[in-house]
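Close look at the chain arrangement
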Amino acid sequence: MGITETAVPDAYRIRPRLREDSRGNFYESYRYDELARETGHVFAPRQANYSVSARGTLRGLHGVTIPPGQAKFVTCVRGALLDVVVDVRLGSPTFGAYDTTVLDASEGTAVYVAEGLAHGFVALTDDSCVSYLCSTQFVPGTQFEIQPFDAELDLPWGQALTGPALLSEKDRRAPGLADAADLGVLATYEECRKLYERARRDASGAC
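Conventions used here
- Throughout this description, residue numbers start from 1 for each chain and increase along the sequence as written.
- Predicted model: local features are reported for residues with pLDDT of at least 70 only, side-chain atom pairs are reported and counted for 80 or more only, and whole-chain, interface and lining totals are derived from all residues.
- Excluded from the side-chain calculations are hydrogens and water; all other atoms, namely the structure's heavy atoms, are used.
- UniProt positions are given in the numbering used here, feature names are shortened, and annotations may be inferred rather than shown by experiment.
- Here a helix means four or more residues in a row that DSSP labels H or I, a strand means two or more in a row labelled E, and each is numbered from the N terminus.
- Here, residues are in contact when the closest pair of their heavy atoms is within 4.5 Å.
- What qualifies as a polar contact is a pair of N or O atoms within 3.5 Å, subject to a donor-acceptor requirement within protein and to the restriction that residues adjacent in sequence count only when both atoms come from side chains.
- Whether two strands pair comes down to DSSP finding at least two bridges between them.
- Angles here are taken between N-to-C directions and fall from 0 to 180 degrees, while the axes themselves are lines fitted to C-alpha atoms, restricted in helices to the stretch in contact.

By the naming in an unreviewed UniProt entry, the protein goes by dTDP-4-dehydrorhamnose 3,5-epimerase and is assigned to Streptomyces anatolicus. Recorded in UniProt for the protein, the comment headed Sequence similarities (unreviewed entry) runs: "Belongs to the dTDP-4-dehydrorhamnose 3,5-epimerase family."

**Quick notes on the environment of glutamine 70**
Here glutamine 70 shows up in the loop between strand S6 (58–64) and strand S7 (72–78). Here glutamine 70 is in contact with Val64, Val113, Ala114, Glu115, Cys134, Ser135, Thr136 and Gln137, once residues within four sequence places are set aside. At 2.9 Å, the side chain of glutamine 70 forms a polar contact with the backbone oxygen of threonine 136.

**Considerations on the sheet that holds strand S11 (residues 118–123)**
If you walk across this open sheet you meet the five strands as S9-S8-S11-S6-S13, and the pairing is antiparallel. Two strands close off the open sheet at either side, each with one partner strand: strand S9 (98–104) and strand S13 (143–145). Each adjacent strand pair in this sheet contributes to an overall mean axis angle of 25 degrees, direction not counted. Bridge analysis of S6 against S13 gives three bridges, and the strand direction is antiparallel. The partner of valine 64 across the bridge, within S13, is glutamine 143.

**Topic: the sheet that holds S7**
Pairing within the open sheet is antiparallel, and its six strands lie in the order S1-S2-S10-S7-S12-S5. Sheet topology places strand S1 (2–5) and strand S5 (47–53) at the edges, where each strand pairs with a single neighbour. Pairs of neighbouring strands in the sheet enclose a mean axial angle of 20 degrees, with direction left out of account. Inspection of the sheet shows S5 paired to strand S12 (residues 128–134) by seven bridges, in the antiparallel sense. Bridge pairing in S12 links valine 52 to cysteine 129.

Written as structure tokens, this is what we have:
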């Protein structure tokens, strides 16, 4: 598989190598060893989630506070979507930067989103199904939301929308980036770096 860092440090685009024949294709979507070797991030899934969305549904921007933090490996397994990752780590050299990836089930491309980053997507087709492998299990009260249409971020949702976005009430009422920072829900860049390093040390010690 090909793994490349996006414009948001600690978020990576993973393109599998498809083996095709008359029956269809086969590919490896995720490998613990390759992701760790190419990115330095240790990712051991603890929970798997799926969402199914109608075209024009926008889910995000979402993240998990530290602790516990949560990294995600996001893949579209049916349909297609425009995936967006945003650096919301306070003090990060790229704070406020974003990157987009079209995830299409026919290609198997995935995005790895490290702890501390915010993630969202808009469905490009009806019945789009998204798989999220998560590094931590769900802990009530640790999720946070950021307004996806925050003018400060100016995210390119318009290229994927032909009409008004379908949003949950929670996402519609979410605070902007500056307000989220004032609320104290965003992790610092230093906190995230320490978390990544601690995961590497723990994995090395377990070998």
